[in-house]
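Each chain is listed here by its residues.
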Amino acid sequence: MGRAGVAAGPLTWLLLLSLTRSAAAAAAVPATNASGGGPDPLYSYEYFVQSPQKLAFYSWYGSTKLYHFRVPSDTMLLRWLLQAFKGPGSECTDVEITVHFRYGAPPVINPLGTKFPANTTVRPSFSIKLIYNNTIINVSSPAPGDWFIAAHLPRSPQKIEVKGVATPCTYIFQPDMLVLRLTDVTILQPNIPLSQTLSGSQLKHLKVFIPKYTSDFQLELRSCVSNGSQVCPVRLIVGPNTLPQSFQKVFSCTDQHEPCRLLLSAPPWDTWLQVTAEGRAEPNVSVTFDAVASFTVCQPGSLGPLVTSYISLNQSLNASAASLSMGRSPWHLGKRMGVGSSPFSPVGDFRNASALSGFCLLSYPVIREELDVVSVRFWPLSGSGIIVWSGLPTLFPINLNTGMDSGSTFIVSLKLNTTLGSNISVVGCLSATSPVLTLSTSQNCTTAFFEGYSLSLSDSIREVMLSVPYPETGNWYLSLQLICPQNLSECQRVQANVEASLSLTPCFNDCGPYGQCRLLRRHGYLYASCTCKAGWQGWSCTDDTKAQTVAQQNLATLLLTLSNLMFLLPITVAVYRHYVVEASVYTYTMFFSTFYHACDQPGVAVLCIMDYDTLQYCDFLGSVVSIWVTILCMSRVKAFVKYVLFVLGTLIIAMSLQLDRRGIWNMMGPCLFALIIMISMWVYRCVNRHHCYPTSWKRWAFYLLPGISLAFVAIAIYTFMGTNDNYFYTHSIWHVLMASSVAFLLPPRDKNIEPWAWSQKLTCRYQLCKNTQEELYAVT
């Protein structure tokens with residue numbers, strides 16, 4: 001993420017000019033400050049750009065390209081310029097690009113329409129589709145902080161593309177962000193009237209700070225006069241604009257005889273709230289009013305004096321040194337010392353309901369324990385068991401404001417440890433920016449600017465779990481309260497013991513047995529996602545709609561491994577015809593191809609005798625060298641030259657595979673060079689003998705033509721017919737056809753060499769020496 005300087009292109013400056021004109025039109029009518037005079041508010045422009053990225057077809061979340069922007073505070077207008085174009089020299093068809101937007105965290109998307117895990121709540125992201133044009137997205141009064149854009153191409157084709165066969169299509173996407181900031185924003189003090197004057201459709205921007213523990217916020221317009229009459233043509237816009245869902249409050253004041261006020265329950269804590277006043281009067285008509293902001297702040301009850309908590313925590317930390325060798329965490333230490341079994345004494349005597357009066361909530365201190373990268377555990381300082389009352393909510397503040405927490409999954413697990421009775425339940429609400437302080441079975445779990453997540457416990461539902469993928473950056477709150485909808489007096493005599501488990505994990509359930517959790521990175525931002533196998537799909541690899549059964553997995557493994565036994569045929573033919581080196585190469589290929597495919601399986605039928613990368617490299621090396629030695633053997637060059645080419649070609653092939661293992665030219669290059677040698681030798685023999693080589697028509701009809709046909713069919717299947725669904729069928733056929741082709745193409749043995757002659761050299765060395773001596777004697 002960076003800010004553009006003088007190197008911005010013409011399109012950027014055109015966009016800046018357009019934004020400037022928009023801002024000038026919005027502030028065309030003169031405005032006065034709070035004292036009744038002064039210049040118009042000034043604007044500043046900031047331009048942010050990120051490097052373009054090459055898009056990919058969507059198969060899992062790692063296929064998307066993520067862009068992370070940070071919108072500064074007091075931003076009046078946010079404008080994105082989305083640029084999509086093809087790579088240089090790319091002549092490809094137009095493909096639709098999908099772009100997702102979200103505030104606070106990466107977008108949670110589902111382009112494949114798969115299922116999410118149970119107890120997972122997902123809000124759809126705001127998305128648009130574009131095809132290679134420049135698109136502008138405007139967001140007025142955006143929320144300051146992290147904004148994310150994710151872009152991807154449509155679903156990836158199932159066909160397996162062989163690298164180097166076709167020219168790859170390159171699709172590039174680049175978003176630029178331009179913000180218009182207010183350099184002078186009027187601050188609205190609580191309970192202090194602020195006089196404002198609007199002319200025509202003029203805008204006036206205010207902001208007010210919402211302190212912590214604010215239960216209600218009220219904004220009121222008083223003494224509103226327009227053109228000498230008590231008419232108030234003013235529209236107020238309160239709150240920031242977020243995507244995918246905005247909770248901005250918009251209301252208009254028309255008749256001054258009616259109170260013109262806006263009441264917000266559960267406004268965001270510890271933050272500045274934006275207020276925009278827009279004049280709705282006729283041109284050259286002024287409106288004057290007094291804006292008054294007021295708060296209702298409740299008194300929180302905490303779980304004990306700070307000194308008691310500090311002393312207890314210090315005791316836990318001091319005892320941890322003696323227990324580190326046993327692998328105990330502060331959680332277990334707290335339980336051993338009594339922290340988990342007996343909660344701290346709250347402020348006041350909260351053992352009866354009458355002691356709860358005067359407080360609006362009971363706040364539990366929460367410890368944040370960093371476990372690993374994007375892996376955090378939260379636990380109450382008083383232990384896992386907490387007391388829930390009916391008179392006021394029990395509150396857990398959760399800090400997800402580090403900037404690195406939004407790329408994981410937030411998991412909340414609650415367990416009821418007491419019996420409540422009929423028609424009594426524990427209602428919970430998980431929300432961001434502020435808690436819900438009034439809980440009931442009928443009221444929605446919604447704050448002023450955020451829709452939370454509801455939870456409920458009862459005697460029939462004693463455990464509940466909630467999973468929130470990619471939670472928004474900020475302070476989160478879990479509110480719990482005992483509810484008795486039919487008999488309120490009954491709740492006064494009941495208290496619930498609830499065990500709470502809160503954690504951040506990279507992937508839910510570690511993606512299960514058929515998935516792998518991968519940590520992704522965009523510059524300095526880390527986020528995690530699941531990649532699935534064996535036909536399993538979904539955000540956490542829990543969708544078994546297209547999953548392979550265990551029988552199908554075993555069948556795939558058997559086909560891909562046992563099909564390599566067809567190499568026994570060319571091995572036998574090579575040994576019979578005294579091609580021992582070639583037979584050794586085929587044996588090497590059969591061995592590593594078998595165990596590579598046994599290790600490459602996505603399901604449960606997996607066997608790895610060594611590192612996966614080593615097996616893959618040896619399989620690829622053996623396959624290419626087998627083709628190399630077979631064609632050189634067919635060329636019938638002198639033995640000395642042939643073995644030199646064997647070794648030299650193997651070394652070059654090993655080097656090229658290390659550079660690019662899946663490149664088609666790593667296989668085609670040695671094959672073409674060997675074919676040139678073979679054709680040259682055959683042409684040379686044809687010219688010298690004045691006869692076609694090989695000379696026998698039977699050799700052509702029964703060996704060469706069938707072998708070449710099998711090879712071409714195998715290459716066609718490998719190149720054009722392979723898909724992710726039929727891979728274990730087509731690749732097994734490739735094994736069978738290539739092994740059969742080698743058996744047909746191997747040349748016949750030399751006439752002066754007997755069948756299985758290599759075995760005689762191993763067992764009869766003395767006889768060979770004796771025969772040689774007799775032959776030399778006879779010549780002499």
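Residues numbered from 1 in each chain as written. Predicted model: local features only at pLDDT ≥ 70, side-chain atom pairs only at ≥ 80, totals over all residues. Heavy atoms only, no water.

This part covers the overall build of the protein. The helix and strand tally for the protein stands at 14 helices and 34 strands. For the protein, the proportion of its 780 residues judged to be buried stands at 48%. Expressed as a percentage of contacts within the protein between residues at least 6 apart in sequence, the contacts between residues at least 24 apart total 78%. (Helix = DSSP H or I, 4+ residues; strand = E, 2+ residues; numbered from the N terminus. Buried < 20%, exposed > 50% of the residue type's maximum accessible area, 1.4 Å probe, protein only. Contact = heavy atoms within 4.5 Å.)

With that settled, consider the packing of helix α8 (residues 612–635) against helix α9 (residues 639–659). Geometrically, a packed helix pair is captured by the angle between its two axes and the distance between the axes. In contact at an axis separation of 10 Å, α8 and α9 are set at 150° when each is read in the N-to-C sense. One finds that α8 runs roughly antiparallel with respect to α9. Crossing of α8 over α9 shows right-handed handedness. Across the interface between the two elements, Tyr617, Phe620, Leu621, Val624, Val625, Trp628, Val629, Leu632 and Cys633 of α8 pack against Lys642, Leu645, Phe646, Gly649, Thr650, Ile653, Ala654, Leu657 and Gln658 of α9. Considering only residue class, the contact of α8 with α9 consists of 14 nonpolar, three polar and one charged. (Axes fitted to C-alpha atoms, helices over the stretch in contact; angles between N-to-C directions. Parallel < 35°, antiparallel > 145°, perpendicular 65-115°, else oblique. Left-handed = near helix turned anticlockwise from the far one by under 90°. Nonpolar A, V, L, I, M, F, W, Y, C, P; charged D, E, K, R; others polar.)

A few words on helix α6 (residues 568–576). Among all positions in α6, only Pro570, Ile571, Val573, Ala574 and Val575 are buried. One or two residues past the end of α6 sits His578, with phi positive at roughly 70°.

So, about the environment of Gly707. Positionally, Gly707 belongs in helix α11 (residues 697–721). Counting along the chain gives 31 residues from Gly707 to Met738, while the straight-line C-alpha distance between them is 8.8 Å. If sequence neighbours within four positions are ignored, Gly707 has contacts with Ser741, Phe744 and Leu745.

This next bit is on the state of the cysteines. Under the definition given, this model contains eight disulfides. Across the disulfide from Cys298 sits Cys360; the S-S distance is 1.8 Å. A torsion of 45° about the S-S bond marks the disulfide between Cys298 and Cys360 as right-handed. Of this pair, Cys298 sits in the loop between β20 (286–297) and β21 (300–302) while Cys360 sits in the loop between α3 (330–336) and β22 (361–363), and the two are 62 residues apart along the sequence. (Disulfide = S-S within 2.5 Å.)

What follows is about the pattern of salt bridges. Counting across every chain of the model gives 15 salt bridges. Put simply, Glu220 and Arg261 hold a salt bridge, and the shortest N to O gap is 3.3 Å. Highlighted residues: Glu220 in strand β15 (residues 214–226) and Arg261 in strand β18 (residues 260–265), separated in sequence by 41 residues. When its relative accessible area of 39% is taken as the criterion, Arg261 is described as partly exposed. (Salt bridge = Lys/Arg side-chain N within 4 Å of Asp/Glu carboxyl O.)

Before going further, it helps to spend a moment on the packing of aromatic side chains. For the coordinates displayed, the defined rule picks out 36 aromatic pairs. Considering the side-chain rings of Tyr596 and Phe620, the 6.2 Å spacing of their centres and the 80° angle between planes classify their relative orientation as edge-to-face. Of this pair, Tyr596 sits in helix α7 (residues 580–599) while Phe620 sits in helix α8, placing them 24 residues apart in sequence. With relative accessibility at 4%, the residue Tyr596 sits in the buried group. An aromatic cluster is defined as three or more aromatic residues linked by ring pairs; in this entry it consists of Tyr61, Phe116, Phe148, Tyr470, Tyr525, Tyr527 and Trp539. (Phe/Tyr/Trp six-rings, centres within 6.5 Å; stacked < 30°, edge-to-face > 60°.)

In this section: the sheet that holds β15. Strands sit in the order β13-β20-β15-β18 across an open sheet of four strands; the sheet is antiparallel. In this open sheet, the two edge strands, each paired with only one partner strand, are β13 (194–199) and β18. The average undirected angle you get between the axes of adjacent strands in this sheet is 25°. Direction of pairing for β15 relative to β18: antiparallel, over a ladder of six bridges. What sits directly across from Leu219, in β18, is Leu262. (Pairing = 2+ DSSP bridges.)

Glancing now at the pairing of strand β7 (residues 97–103). Among the seven residues in β7, seven count as buried, and that is most of the element. Residues Ile97, Val99, Phe101 and Tyr103 line one face of β7 and the alternating positions Thr98, His100 and Arg102 line the opposite face, and both faces are buried.

So, about unusual backbone geometry. That bond from Tyr693 to Pro694 is cis: its omega, -10°, falls within 30 degrees of zero. Along the polypeptide, Pro694 turns up in the loop between α10 (665–689) and α11. Phi is positive for Asn284, which is not a glycine, with a value near 65°. Among the secondary structure elements, Asn284 is positioned in the loop between β19 (271–279) and β20. Take Asn284: its relative accessible area is 81%, and that puts it in the exposed class. Despite not being glycine, Cys511 has its phi angle at roughly 70°, a positive value. Among the secondary structure elements, Cys511 is positioned in the loop between β32 (496–505) and β33 (515–522). By relative accessible area, Cys511 is classed as buried at 0%.

Below, the discussion takes up the pairing of β32. A regular strand carries its side chains on alternate faces of the sheet. Side chains Ala496, Val498, Ala500, Leu502 and Leu504 of β32 all project onto a buried face; the interleaved residues Asn497, Glu499, Ser501, Ser503 and Thr505 project onto a face where none is buried. Pairing of strand β24 (residues 375–380) with β32 involves three bridges; the strand directions are antiparallel. Residue pairing across strands places Val376 opposite Leu504, the latter belonging to β32. With four bridges connecting them, strand β25 (residues 385–388) and β32 associate as antiparallel partners.

Next up on the list: the nonpolar core. Grouped together as the largest cluster of nonpolar side chains are 50 residues, with contacts concentrated most on Tyr586, Trp628, Val629, Leu632, Ile653 and Leu746. When residues of this core are traced back to their parent elements, those giving at least two are α6, α7, α8, α9, α10, α11 and α12 (727–745). Of the residues forming this core, the biggest block, 14 residues, is contributed by α8. Discounting residues that sit within four places of it in the chain, Ile653 has contacts with Leu621, Val624, Val625, Trp628 and Pro670. (Core = buried A, V, L, I, M, F, W, Y, C linked by side-chain atoms within 4.5 Å.)

Moving on, we come to the packing of α7 against α8. At a closest axis distance of 8 Å, the pairing of α7 and α8 adopts a crossing angle of 150°. For the element pair α7 / α8, the angle class is roughly antiparallel. Helix-helix and strand crossings are classified by hand; for α7 and α8 the assignment is left-handed. Taken together, the residues of the contact of α7 with α8 sort by class into 15 nonpolar, eight polar and two charged.

Moving on, we get to the side chain of Gln537. With respect to the secondary-structure elements, Gln537 resides in the loop between β34 (525–532) and α5 (550–562). Every residue in contact with Gln537, bar those within four places of it in the chain, is listed here: Thr114, Arg155, Cys532, Thr542, Asp543 and Lys546.

Here we come to α12. The end-to-end C-alpha distance of α12 is 26 Å, a good match for the 27 Å that 19 residues give at a rise of 1.5 Å each. Most of α12 is tucked away, with 14 of its 19 residues classed as buried. (Expected span 1.5 Å × (residues − 1).)

Looking now at a nonpolar patch on the surface. Together, Trp665, Met668, Leu672, Leu675, Ile679, Val683 and Val687 give the surface a local cluster of nonpolar side chains, amounting to about 630 Å² of exposed area. If you trace the backbone, Leu672 turns up in helix α10. (Patch = residues over 30% accessible without salt bridge, like charges linked within 9 Å, V, L, I, M, F, W, Y side chains within 5 Å. Areas by Shrake-Rupley, 256 points an atom, 1.4 Å probe, with all protein chains shown as cover.)

Turning our eyes to something else, we now look at the confidence of the model for the protein. A residue-level look at the protein finds 81% of positions with pLDDT of 70 or above and a mean pLDDT of 82. Note that pLDDT drops below 50 for residues 1–10; the model gives that stretch 17 contacts with residues more than four away or on any other chain. The low-confidence segment residues 767–780 (pLDDT under 50) makes one contact with residues lying over four places distant or belonging to another chain. (pLDDT = per-residue confidence, 0-100.)

To continue, consider the environment of Val713. Here Val713 lies in helix α11. Looking at Val713, the relative accessible area reads 42%, which means it is partly exposed. It is 9.1 Å that separates the C-alpha atoms of Val713 and Met738, two residues lying 25 residues apart in sequence.

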